[in-house]
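Below are the chains, spelled out letter by letter.
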Amino acid sequence: MSDAPQPVVRDPAARDPALPAAVEIYDTTLRDGAQLEGISLTVDDKLRIAEQLDWLGVHYIEAGWPGANPKDDELFRRIPGELTLDTSKLVAFGMTRRVKGKVDSDDTLRHLVESGAPVVCIVGKTWDYHVTEALGTDLDEGVAMVADSVEYLRGAGLDVLFDAEHFFDGYKRNPEFALRVLEGAAVQGASHLVLCDTNGGSLPHEVEHIVREVVEYFRGDVAVAVHLHDDAGTGVANALAGVRGGATQVQGTINGYGERTGNCNLTTIIPNLTVKMGVETIPRDRLERLTPVAHHVAELVNMALNPQAPYVGSSAFAHKAGLHVSAIAKRPDAYEHVPPDVVGNGTRFVVSELAGKSTLVLKAKELGIELDGPQLNGVVDMLKRLEHEGYHFEAADGSLELLMRRATGWEQSWFRVESFRVIADETEDAAFTVEATIKVHVDGQRVITTSEGNGPVNALDGALRKAIGSRYPALERLHLTDYKVRVLDTQKGTGAVTRVLIDSTDGEHNWTTIGVSENIIEASWQALYDSIVYGLLRAQERGFPREDRSE
Ligand SMILES: [Zn+2]
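Okay, so let's go over this structure. (Residues numbered from 1 in each chain as written. Predicted model: local features only at pLDDT ≥ 70, side-chain atom pairs only at ≥ 80, totals over all residues. Heavy atoms only, no water.)

## Focus: the overall build of the protein
- Assigned secondary structure in the protein consists of 17 helices and 16 strands.
- If you line up the protein on its principal axes, its C-alpha atoms span 80 × 75 × 50 Å.
- Intrachain contacts of the protein at a sequence separation of at least 6 include 68% that bridge at least 24 residues.
- Computed over 54 positive and 83 negative side-chain charges, the inter-centroid distance for the protein is 4 Å. (Helix = DSSP H or I, 4+ residues; strand = E, 2+ residues; numbered from the N terminus. Contact = heavy atoms within 4.5 Å. Lys, Arg positive; Asp, Glu negative; His and termini not counted. Charge placed at Lys NZ, Arg CZ, Asp CG, Glu CD.)

This is how it looks when you write it as structure tokens:
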């Protein structure tokens, strides 16, 4: 071989022959993922997330637990009319029959059959301690509950996955019983035995070892799946270990959402398996959908995506080191573990006051902006001055782009703000309201609008949109997703200044804008103004919707 870097995307032929050729991806974002504190999904949100998962190409989408709550009931009712799945199979989740109960009079099982899902996944106990202590019954009945339930659901024409709760903990203490329960499910025709690390504390070497023993025990008669939680920080590593042990299905959630520390993160495990280990997961030509799906789902669950998320985070391929930047531009493969476009992400150069001119030139190139020598020096000086005042452009890519464009003489011509005023009112009954009035020139007209809001940004945003929204319908797609305020001590010691960061999205791009001032309303206004201008700039690139006309 020459000293050229090795190709990072593996040829499937280069896969370790001991590994399975393909691994199914089973998504449980809608059930297990929704257990995360702070997530509350509407039925509409769940339908939108399921569409994203199908577009991504996961094999199974576990939509919820029919009969467990009114929301999941409504979801299963609406799915037939409102969700078309091209790639994924729909799964309903539930549990085995009750202790000493009858399968044909069991409500949970009936709900599963009536859910309309072709595939069901039922949870049962495989840790002897849970059977005797939590269920208060004997081990034979523990096995029969699982076997009877699988038999009944198979008899109703459904594919059945058996979800072996607390499997790893149970197997460590009583492997004979844990295997007996699995056998009960397998004999009755379960398609998959799902080995769960419900408490999430197992480590990769344990998972690999135990999965291998189970796979060898069943000798390929039934597929083995792994469902792993991230309590030891090894959710993804455990899933890789499970696949090395012979598992052919991995369960997890988009962005690793889930109770406590979360589930095995599918947005990490999918590229690890496909790109690095040569194991097929989702269709190869859809890997580039991973980053857009991760961001879209984050938006639907209304939680900012961790910028440091492997592969899909906004910092995953962001380079700051000034010295290396020009080298990275020449040979990205020397500094990036995979080509970012493989997973739909991109290389970013992070610009701060510390950045050399070469970083700025690269950043301008990335944005398609031509900066000549004097303009470049102007930007360098302005960045230094503004960062000294408290701006932080590393965190505000939207404002940085506008600053660089303005350095070339560009200025937006879509609207001009003459003035604005914000009034906060606290009335006797303690209702606190904010009202903003704005005077704007748009389309040759002077427009004055007023809007109320729960805070100054909200009221100003409302007033500005009222003034220019009908002229630029593209603004309807633009949403502010986060608003952060930080009080800074100036180096001059002349008093505190406020830094405001606003995150925005138009469903396609996400951007952050910044404002800094001794006055929080002025700082907020700067960040809001830049957010709207940036959003219009992106809309202009799309040619604006038909109603918009740009000068
Ligand atoms: Zn779980």
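After that view, the rundown keeps rolling.
## Observations concerning the coordination of the zinc ion
- Within the protein, the atoms that donate to the zinc ion are Asp-32 (OD), His-227 (NE2) and His-229 (NE2), at distances of 1.9 to 2.1 Å.
- The sequence pattern describing where the donors of the zinc ion fall on their chain is D-x194-H-x1-H. Residue Asp-32 is found in the loop between strand S1 (24–27) and helix H1 (43–56), and its partner His-229 is found in the loop between strand S7 (223–228) and helix H9 (235–244); the two are separated by 197 residues along the sequence.
- Residue class for Asp-32 comes out buried when judged on its relative accessible area of 8%. (Donors = N, O, S within 2.8 Å, 3.2 Å for Na, K, Ca; no water. Buried < 20%, exposed > 50% of the residue type's maximum accessible area, 1.4 Å probe, protein only.)

## Observations regarding the pattern of salt bridges
- For the structure shown, the criterion picks out 35 salt bridges.
- Close ionic contact of Lys-484 with Asp-503 constitutes a salt bridge, the shortest N to O distance being 3.4 Å. Taken together, the residues Lys-484 in strand S14 (residues 479–489) and Asp-503 in strand S15 (residues 496–505) connect sequence positions 19 residues apart.
- On the basis of relative accessible area, Lys-484 is assigned to the partly exposed category, the value being 38%.
- Members of the salt-bridge network, linked through shared partners, are Asp-44, Arg-48, Glu-51, Glu-74, Arg-78 and Glu-82. (Salt bridge = Lys/Arg side-chain N within 4 Å of Asp/Glu carboxyl O.)

## Describing the sheet that holds strand S13 (residues 445–453)
- Within the open sheet, the three strands sit side by side as S11-S12-S13. Their pairing is antiparallel. Sheet topology places strand S11 (416–426) and S13 at the edges, where each strand pairs with a single neighbour. Strand after strand, the sheet turns through a mean of 15° between neighbouring axes, direction not considered. (Pairing = 2+ DSSP bridges. Axes fitted to C-alpha atoms, helices over the stretch in contact; angles between N-to-C directions.)

## Notes on the sheet that holds strand S5 (residues 159–165)
- The strand order around the closed barrel formed by eight strands is S1-S2-S3-S4-S5-S6-S7-S8, and the pairing between neighbours is parallel. Each strand of the sheet is rotated relative to its neighbour by a mean of 25°, with strand direction disregarded.
- Two elements, strand S6 (residues 192–197) and S7, share six bridges in a ladder whose sense is parallel. Bridged to His-192 within S7 is Ala-223.
- Along the sheet, helix H2 (residues 70–82) makes contact with strand S2 (60–64) and strand S3 (89–95), crossing S2 at roughly 130°.

## Some words on the pairing of S1
- As paired strands, S1 and strand S8 (residues 249–252) are joined by four bridges and run parallel to one another. Of the residues in S8, the one forming a bridge with Tyr-26 is Gln-251.
- Of the pairings in the sheet, the one linking S1 to S2 comprises two bridges and is parallel in character. The residue of S2 that forms the bridge with Tyr-26 is Tyr-60.
- Once the chain exits S1 it traverses H1 before rejoining the sheet at S2, and the crossover so formed is right-handed. (Right-handed = clockwise from strand over helix to strand, strands pointing away.)

## Focus on the packing of helix H4 (residues 128–135) against helix H5 (residues 139–155)
- Look at H4 against H5: their axes get within 9 Å of each other, and the N-to-C directions meet at 100°. In terms of orientation, H4 lies roughly perpendicular with respect to H5. Contact residues: Asp-128, Val-131, Thr-132 and Leu-135 in H4; Leu-139, Gly-142 and Met-145 in H5.
- Among the residues making up the contact of H4 with H5, the classes are represented as four nonpolar, two polar and one charged. (Parallel < 35°, antiparallel > 145°, perpendicular 65-115°, else oblique. Nonpolar A, V, L, I, M, F, W, Y, C, P; charged D, E, K, R; others polar.)

## Focus: helix H3 (residues 107–114)
- Regarding H3, the residues found buried are Thr-108, Leu-109 and Leu-112. Mapping the buried residues of H3 onto a view down its axis gives an arc of 95°, with all of them on the same face.
- Capping the start of H3, Asp-106 holds a side-chain oxygen 3.0 Å from the backbone nitrogen of Thr-108, two or three residues further along.
- Positive backbone phi, approximately 90°, marks Gly-116, located one or two places after H3. (Arc of directions from axis to C-beta. Polar contact = N/O pair within 3.5 Å; in protein donor to acceptor, adjacent residues only side chain to side chain.)

## Description of the environment of Glu-336
- Inspection of the secondary structure assignment puts Glu-336 in the loop between helix H12 (322–330) and strand S10 (348–349).
- Beyond its immediate chain neighbours, meaning those up to four positions away, Glu-336 contacts Phe-317, His-319 and Thr-347.
- In this structure the side chain of Glu-336 is engaged in a polar contact, spanning 2.8 Å, whose partner is the side chain of His-319.
- Within the structure, Glu-336 has its side chain in polar contact with the side chain of Thr-347 (distance 2.8 Å).

## Thoughts on the side chain of Asn-272
- For Asn-272, the position within the fold is in helix H10 (residues 266–277).
- With near-sequence residues (within four places) excluded, Asn-272 lies in contact with Val-236, Leu-240, Met-277 and Tyr-311.

## A look at the packing of aromatic side chains
- Applying the stated criterion across every chain yields a total of 12 aromatic pairs.
- Note on Trp-65 and Phe-93: the rings are 5.4 Å apart at their centroids and 70° apart in plane angle, and the pair reads as edge-to-face. Here Trp-65 is found in the loop between S2 and H2, whereas its partner Phe-93 is found in strand S3, with 28 residues between them in sequence.
- In this structure Trp-65 comes out as partly exposed when scored by relative accessible area, which is 23%.
- A relative accessible area of 3% places Phe-93 in the buried class.
- Here the aromatic rings of Phe-167 and Phe-168 are separated by 5.9 Å at their centres, their planes lie at 85°, and the arrangement is edge-to-face.
- A residue is classified by how much of its surface remains accessible, and Phe-168, at 0% relative accessible area, is buried.
- Among the aromatic residues, those joined into a ring-pair cluster are Phe-415, Phe-420, Trp-525 and Tyr-529.
- Directly above the aromatic system of Phe-93 lies the positively charged group of Arg-31, at a separation of 3.5 Å from the ring centroid.
- Its end group placed over the ring of Tyr-534, Arg-538 keeps NZ or CZ at 4.7 Å from the ring centre. (Phe/Tyr/Trp six-rings, centres within 6.5 Å; stacked < 30°, edge-to-face > 60°. Lys NZ or Arg CZ within 6 Å of the ring centre and 35° of its normal.)

## Quick notes on the packing of helix H13 (residues 357–367) against helix H15 (residues 397–407)
- Closest axis-to-axis distance for the H13/H15 pair is 11 Å, and the angle between their directions is 95°. When the interaxial angle is binned, H13 and H15 end up roughly perpendicular. Counting all contacts with H13, which are made through Leu-360, Lys-363, Ala-364 and Leu-367, the residues of H15 involved are Leu-400, Glu-401, Met-404 and Arg-405.
- Tallied by class, residues from the contact of H13 with H15 come to five nonpolar, no polar and three charged.

## Here we look at helix H14 (residues 373–389)
- If you check H14, its first and last C-alpha atoms are 25 Å apart, about what 17 residues at 1.5 Å a residue would give, namely 24 Å.
- Along H14, the residues classified as buried are Leu-376, Val-379, Val-380, Leu-383, Leu-386 and Glu-387. Along the axis of H14, the buried positions cluster into a sector of 140°, meaning they face one direction only. Away from its buried face by more than 90 degrees, H14 exposes Pro-374 and Asp-381.
- Where H14 is buried, its residues meet H13 and H15.
- Backbone geometry just after H14 places Gly-390 at a positive phi near 120°. (Expected span 1.5 Å × (residues − 1).)

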